[in-house]
Amino acid sequence: MTSISHIGTPDHLLAPAAPGVVVGRQRMVPVLSAVQEQRQAVRLGQAVPSLAAAYSQALARWLGDPVLRLAGRPIITECYRSAERQEELYRQGRGKPGPVVTYKRGGESKHNYSPTPALDVAFQLADGSVSWSGLLLSKFARLMKYADARVVWGGDWPSFKDRPHFEVLTSWKGGDGRG
Ligand SMILES: [Zn+2]
């Protein structure tokens, strides 16, 4: 097994304590079912090649690390999103119950393009639950940016932090993403 420490990744990525790891379960590696693996492949296939490559590389490094792989299994929760679904999300917090999760109307988000220059990440834990831990996401963001310097992490945005969100800069659509 190759540890990411051998390829020049900052040491703090190897911190032994990860949030969400239940004592007594910390030797269990979170795994996906065949159906879940297939769903991941479909979502990854929606991404533009540069983003798909960065994600694949970051995922391989994560799974190759003896500590990170126990903390949670990175999963793509969403890549392509229809304009209708985007509009539905936009209405959330603006008349529809729930917090504001996007500032983009239907058709305005990078998730609405196909192929898609944006994807959202979470972590499946050993007990089957899903985590959006900011600490795990920041660790994964390091690996994404390490894989491709064009990767932009929503957690780096100054006002509306969108930590599950990653995108690659594209020349055909100006401005930042936010949603
Ligand atoms: Zn997103």
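Treat the numbers as computed from the prediction; the structure is a model and nothing was measured.

A.B. asks: Can you help me understand the pairing of strand β5 (residues 165-168) in this one?
C.D. replies: Sheet faces and side chains relate simply in a regular strand, where the side chains alternate between the two faces. Along β5, one buried face is formed by H165 and E167 and the opposite face, lined by F166 and V168, is buried too. Strand direction decides the pairing type here: strand β2 (residues 118-124) and β5, joined by three bridges, are antiparallel. Bridging across to β5, A118 finds its partner in E167. Pairing analysis gives three bridges linking strand β4 (residues 151-153) to β5, with the strands arranged antiparallel. The residue of β5 that forms the bridge with V152 is E167.

A.B. asks: Sorry, what's going on with the nonpolar core here?
C.D. replies: Nonpolar side chains in soluble globular proteins generally cluster together in the buried interior. Membership of the largest hydrophobic core comes to 32 residues, with the highest contact counts inside it found for Y55, A58, L119, F140 and M144. Every element with two or more residues in this core is listed here: α2 (49-63), α3 (68-71), β1 (73-78), β2, α5 (134-147), β4 and β5. Excluding its chain neighbours within four sequence positions, the residues that come into contact with Y55 are L44, A47, L119 and M144.

A.B. asks: So what exactly am I meant to see when it comes to the packing of α2 against α5 here?
C.D. replies: Any two packed helices are characterised by how steeply their axes cross, that is the angle between the axes, and by the distance between the axes. Where α2 meets α5, the closest approach of the two axes is 8 Å, and the angle between their N-to-C directions is 130°. Between α2 and α5, the angle falls in the class oblique. Taken as a pair, α2 and α5 cross one another with a handedness that is right-handed. Facing α2, whose interface residues are A54, Y55, Q57, A58, R61 and W62, α5 presents F140, L143, M144 and A147. Residues of the contact of α2 with α5, tallied by class, amount to eight nonpolar, one polar and one charged.

A.B. asks: Got a minute to help me understand the environment of G134 in this structure?
C.D. replies: By secondary structure assignment, the location of G134 is in helix α5. By C-beta crowding, G134 is classed as partly exposed, having 13 other C-beta atoms within 10 Å. Each C-alpha atom of the pair G134 and R163 lies 6.7 Å from the other, and the pair is 29 residues apart in sequence.

A.B. asks: What is the right way to read the environment of S114 from this model?
C.D. replies: Mapped onto the elements, S114 comes out in the loop between α4 (83-91) and β2. Spatially, the C-alpha atom of S114 lies 8.0 Å from that of V48, the residues being 66 residues apart in sequence. Excluding anything up to four places from it in sequence, S114 contacts Q46 and Y80.

A.B. asks: Sorry if this is basic, but what is going on with the pairing of β2 here?
C.D. replies: Of all seven residues making up β2, six are buried, and the element is well covered by its neighbours. Here five bridges tie β1 to β2, and the two strands are oriented antiparallel to one another. Across the sheet, residue P74 finds its bridge partner in β2, namely F123. Alignment of β2 against strand β3 (residues 130-131), held across two bridges, turns out to be antiparallel. Paired with F123 across the strands is S131, a residue of β3.

Conventions adopted
Per chain, residue numbering runs from 1 following the sequence as it is written. Given that this is a predicted model, residues contribute local features only at a pLDDT of at least 70 and side-chain atom pairs are listed and counted only at 80 or more, while totals for whole chains, interfaces and linings are drawn from all residues. Counting other C-beta atoms within 10 Å of a residue's C-beta gives its exposure: the residue is buried at 20 or more, exposed at 12 or fewer, and partly exposed in between, where C-beta atoms are placed from the backbone. A run of H or I in DSSP counts as a helix once it spans at least four residues, and a run of E counts as a strand once it spans at least two, with each numbered from the N terminus. Here, a strand pair is defined by DSSP locating no fewer than two bridges between the strands. Here a nonpolar core is just a set of buried residues of the types Ala, Val, Leu, Ile, Met, Phe, Trp, Tyr and Cys, joined wherever their C-beta atoms sit within 7 Å. A pair of residues counts as a contact when their C-beta atoms, built from backbone coordinates, are separated by no more than 7 Å. All axes are obtained by fitting lines to C-alpha atoms, using only the stretch in contact for helices, and the reported angles, taken between N-to-C directions, cover 0 to 180 degrees. In what follows, roughly perpendicular refers to angles from 65 to 115 degrees, roughly parallel to angles under 35, roughly antiparallel to angles over 145, and oblique to any angle outside these ranges. Note: crossing handedness is left-handed where the near helix turns anticlockwise from the far helix by less than a right angle, and right-handed where it turns clockwise. When residue character is reported, Ala, Val, Leu, Ile, Met, Phe, Trp, Tyr, Cys and Pro are called nonpolar, Asp, Glu, Lys and Arg charged, and the others, Gly included, polar.

Read these as spatial facts, not as claims about activity.
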